[in-house]
Amino acid sequence: MKPRFEDTIAAVATPPGTGGVGIVRVSGPDAPAICRVVTGACPPPRQARFGAMRDAAGETIDQGITLYFPAPHSFTGEDVVELQGHGGVVVMDMLLGACLDAGARPARPGEFSERAFLAGRMDLAQAEALADLIESASEHAARLAMKSLSGVFSERVRESATALLDIRTFVEAAIDFPDEEIDFLAESDIAARIEVVRTRLERTVEECRRGAALRRGLEVVLCGAPNAGKSSLLNALARQSRAIVSATAGTTRDTVDAEVRIGGVTINLVDTAGLREVADEVEREGIRRARDAASRADIVLLVVEPGDDDGAALARLVDPLPAASSVIVVHNKIDLVDERPPEGGAPGHLWVSAKTGAGIDALEHALLERAGPRAGTESIFLARRRHVDALERCLEFTHAARMECDAGYGELMAEALRLAHRALGEITGEVTSDDLLGEIFGSFCIGK
Ligand SMILES: Nc1nc2c(ncn2[C@@H]2O[C@H](COP(=O)(O)OP(=O)(O)OP(=O)(O)O)[C@@H](O)[C@H]2O)c(=O)[nH]1
Ligand SMILES: [Mg+2]
């Protein structure tokens, strides 16, 4: 088989700093030849060989173990050589230098993973999971990353993709034979089949949202009318005075961030300018930023004062508002009134006082409930924003397909289904642009 890449790349695969062992990884068609130049011989496949490692002048740099993994049974699918020396910054640098002198070029960040992906050794979601595994900040996150790396998440996405493909095949066949006696689309159970896929996708999106929050922390944005007590609430949750509080409406202009940890989950709280129609230029910009933050949030806390109309009017000001499931209406200042929550509470509504701290525990609990690790976390995926976006787009297109199906527009339905199918392909990397690949692998570290 002809190698996909002509050039051979090399990088230090172990973290910078000192350690017992440091590894230089070399991948590409010249890896065995480079190994022979640096160590005098290339060991038999997958067998450790001990010996000296030398620079271009023949001076011994270090001595250690060499391993050779011939294509295609290696991480990248190419010929790979690993030089294991002593883990010191200077030694590793010299060893890498020797490999470069022998004909390798320095690897770009993530280039080993990128080659593994292009060689079909893993799909895109798995490559990302690998980066997440290495970077995971908690044991929990690591376990979830490992799950994605082993392909469970990709498998789930592919199941939906296959189901969509089946539907597409059927629909396109029906369009190709318009003269058929039977009206395929009307008689078939296409609408029901689309709904089955949608239900499954919705569950996956939900599991990904939780996972995405675990991976990078949950983004919680406080929105509401001026003076509702958003800044006070941020301070109460952060247990420190981060944002300025005053009785003057329109105090907060810029967004204010505070990072808090609740039950092992990192939560980025964002306080925003009070939403109202009339405002000076600075405040208008503040409101624009507030809306912007709300549209990107995992959870919006819609802060309302006693007597407000449950935030319905406000909700119109925050546009586009994220999915209904991620909004919590927080009735603040309950210390001022006798307003009692309805018997048994109301879903999506909480009653608190930023001043006395009443109800703050329940609010924290509600945030965790929507994000954190809890019983049944086995079913969540440590997904990335990119995956959630693609899944959501797929859901939109399948919804459109459903509408066209009901309206009897076969061609339009076929197109919507094609776009839905494509969105899923972006997750595993079956359809990707070079730009996207560059962006994804560029965020990896060198040597990976
Ligand atoms: N009694 C009482 N007063 C509160 C409570 N929360 C906030 N306040 C008061 O309400 C006023 C406004 O509070 P802020 O936290 O500045 O309100 P905000 O929503 O950030 O206001 P803007 O930044 O202007 O949009 C201040 O005088 C606070 O002391 C509460 O739970 N109870
Ligand atoms: Mg404020």
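Keep in mind that this is a model prediction, so the values were computed, not measured.

1. A few points about the overall build of the chain
Move 1: Secondary structure assignment for the chain yields 15 helices and 12 strands.
Move 2: In the chain, which comprises 448 residues, the share counted as buried stands at 48%.
Move 3: Considering only contacts in the chain between residues 6 or more positions apart, those separated by 24 or more positions represent 65%.
Move 4: Counting only carbon and sulfur atoms, one obtains 53% of the accessible surface of the chain, whose full area is about 21500 Å².

2. Brief notes about the coordination of the magnesium ion (ligand 2)
Move 1: Here the magnesium ion (ligand 2) is held by the protein donor atoms Ser231 (OG) and Thr252 (OG1), which lie 1.9 to 2.1 Å from it. Of this pair, Ser231 sits in helix α9 (residues 230–238) while Thr252 sits in the loop between α9 and β8 (256–262), placing them 21 residues apart in sequence. In this pair, the class of Ser231 matches that of Thr252, namely buried.

3. Looking at the packing of aromatic side chains
Move 1: One pass over the full model with this rule turns up 1 aromatic pair.
Move 2: A centroid spacing of 6.0 Å and a plane angle of 35 degrees characterise the contact between Phe117 and Phe441, whose relative ring orientation is tilted. Separated by 324 residues along the polypeptide, Phe117 in helix α3 (residues 111–118) and Phe441 in helix α15 (residues 434–442) bring together distant segments of the chain. By the burial criterion, Phe117 is buried, and Phe441 matches it.
Move 3: It is Arg115 that lies over the ring of Phe5; its NZ or CZ is 4.2 Å from the centre.

4. Regarding the packing of helix α13 (residues 385–407) against helix α14 (residues 410–428)
Move 1: The geometry of α13 relative to α14 is characterised by a closest axis approach of 8 Å and an angle of 165 degrees between their N-to-C directions. When the axis of α13 is compared with that of α14, the two are roughly antiparallel. Regarding α13 and α14, the two cross each other, and that crossing is left-handed. Here Arg386, His387, Ala390, Leu391, Arg393, Cys394, Phe397, Thr398, Ala400, Ala401, Glu404 and Cys405 of α13 come into contact with α14, specifically with Leu412, Met413, Ala416, Leu417, Leu419, Ala420, Ala423, Leu424, Glu426 and Ile427.
Move 2: By residue class, the composition of the contact of α13 with α14 is 16 nonpolar, 2 polar and 4 charged.

5. Comments concerning the environment of Arg54
Move 1: On the secondary structure map, Arg54 appears in strand β3 (residues 49–54).
Move 2: Taking the C-alpha atoms as reference points, Arg54 and Gly40, separated by 14 residues in sequence, lie 8.4 Å from one another.
Move 3: Excluding anything up to four places from it in sequence, Arg54 contacts Val38, Glu59, Thr60, Ile61 and Ala98.
Move 4: Reaching out from Arg54, the side chain makes a polar contact with the side chain of Thr60 at a distance of 2.9 Å.

6. Side note on α3
Since the α-helix turns once every 3.6 residues, residues separated by three or four places project in the same direction.
Move 1: In terms of residue burial, α3 counts as a mostly covered element, since 7 of its 8 residues are buried.
Move 2: The complete set of buried residues in α3 reads Glu111, Phe112, Ser113, Glu114, Arg115, Ala116 and Phe117.
Move 3: Buried-residue contacts for α3 involve β1 (9–12), β2 (19–27), β6 (105–106), α4 (124–135), α14 and α15.
Move 4: Once α3 ends, the next one or two residues include Gly120, with phi positive near 80 degrees.

7. Focus: the site of ligand 1
Move 1: In the vicinity of ligand 1 lie 23 residues, with Lys230, Ser232, Gly250, Thr251 and Thr252 positioned nearest.
Move 2: Between ligand 1 and Ser232 there is a distance of 2.5 Å, counted from an oxygen atom to a side-chain nitrogen or oxygen.
Move 3: Measuring from an oxygen atom of ligand 1, one finds a side-chain N or O atom of Asn332 at 3.2 Å.
Move 4: Notes on ligand 1: free accessible area 650 Å², of which the protein chains cover 88%.

8. So, the confidence of the model for the chain
Move 1: On average, the chain scores 85 in pLDDT, and the residues at 70 or more come to 88%.
Move 2: Least confident of the elements in the chain is helix α11 (residues 312–317), whose mean pLDDT is 62; most confident is helix α1 (residues 31–39), at 97.

9. Overview of the state of the cysteines
Move 1: Applying the stated rule across the entire model yields 0 disulfides.
Move 2: Note on Cys42: no disulfide assigned, nearest cysteine sulfur contributed by Cys35 at a separation of 4.3 Å.
Move 3: Not engaged in a disulfide, the cysteine Cys99 finds its nearest cysteine sulfur in Cys35; these two sulfurs lie 8.4 Å apart.

10. Details of the pairing of β1
Move 1: Taken together, the 4 bridges between β1 and β2 define a ladder with antiparallel strand orientation. Residue pairing in the sheet places Ile9 in a bridge with Ser27 of β2.
Move 2: The hairpin turn running from β1 into β2, its antiparallel successor, is 6 residues long, and Gly17 in that turn takes a positive phi close to 125 degrees.
Move 3: As defined by bridge partners, β1 adjoins β6 across 2 bridges and the pair is classed as parallel. Residue pairing across strands places Ala10 opposite Pro106, the latter belonging to β6.

11. A closer look at the pairing of strand β4 (residues 60–69)
Side-chain direction in a regular strand flips from residue to residue, so the side chains alternate between the two faces of the sheet.
Move 1: Alignment of β3 against β4, held across 6 bridges, turns out to be antiparallel. Across the sheet, Gly51 pairs through a bridge with Gly64, a residue of β4.
Move 2: Linkage of β3 to β4, two consecutive antiparallel strands, is achieved through a turn of 5 residues, within which Gly58 is found at a positive phi near 90 degrees.
Move 3: Here β4 runs beside strand β5 (residues 80–87); their pairing, made up of 5 bridges, is antiparallel. Residue pairing across strands places Thr66 opposite Leu83, the latter belonging to β5.

12. What about the side chain of Arg25?
Move 1: Tracing the chain through its elements places Arg25 in strand β2.
Move 2: Within the buried set, Arg25 has no salt-bridge partner at all; the shortest N-O distance to an opposite charge, 4.4 Å, is to Glu82.
Move 3: Arg25 has contacts with Ile9, Ala10, Ala11, Ala13, Phe75, Val80, Val81, Glu82, Phe112, Gly447 and Lys448, leaving out every residue within four places of it along the chain.

13. Points about the sheet that holds β5
Move 1: One open sheet accounts for 6 strands, arranged β3-β4-β5-β2-β1-β6; its pairing is mixed. A single partner strand is all that each edge strand has here, and the edge strands are β3 and β6.
Move 2: Where β2 lies against β5, 7 bridges are found, and the strand directions are antiparallel. In the sheet register, Gly19 faces β5, and the bridge partner there is Gly87.
Move 3: Along the sheet face, helix α2 (residues 89–101) touches β1, β2, β3, β4, β5 and β6 and points at about 20 degrees away from the line of β2.
Move 4: Sheet contacts for α3: β1, β2 and β6; angle to β1, the most-contacted strand, approximately 135 degrees.

Parameters and conventions
Residues numbered from 1 in each chain as written. Chains lettered and ligands numbered in written order. Predicted model: local features only at pLDDT ≥ 70, side-chain atom pairs only at ≥ 80, totals over all residues. Heavy atoms only, no water. Helix = DSSP H or I, 4+ residues; strand = E, 2+ residues; numbered from the N terminus. Buried < 20%, exposed > 50% of the residue type's maximum accessible area, 1.4 Å probe, protein only. Contact = heavy atoms within 4.5 Å. Areas by Shrake-Rupley, 256 points an atom, 1.4 Å probe, with all protein chains shown as cover. Donors = N, O, S within 2.8 Å, 3.2 Å for Na, K, Ca; no water. Phe/Tyr/Trp six-rings, centres within 6.5 Å; stacked < 30°, edge-to-face > 60°. Lys NZ or Arg CZ within 6 Å of the ring centre and 35° of its normal. Axes fitted to C-alpha atoms, helices over the stretch in contact; angles between N-to-C directions. Parallel < 35°, antiparallel > 145°, perpendicular 65-115°, else oblique. Left-handed = near helix turned anticlockwise from the far one by under 90°. Nonpolar A, V, L, I, M, F, W, Y, C, P; charged D, E, K, R; others polar. Polar contact = N/O pair within 3.5 Å; in protein donor to acceptor, adjacent residues only side chain to side chain. Near = heavy atom within 4 Å. pLDDT = per-residue confidence, 0-100. Disulfide = S-S within 2.5 Å. Pairing = 2+ DSSP bridges. Lys, Arg positive; Asp, Glu negative; His and termini not counted. Salt bridge = Lys/Arg side-chain N within 4 Å of Asp/Glu carboxyl O.

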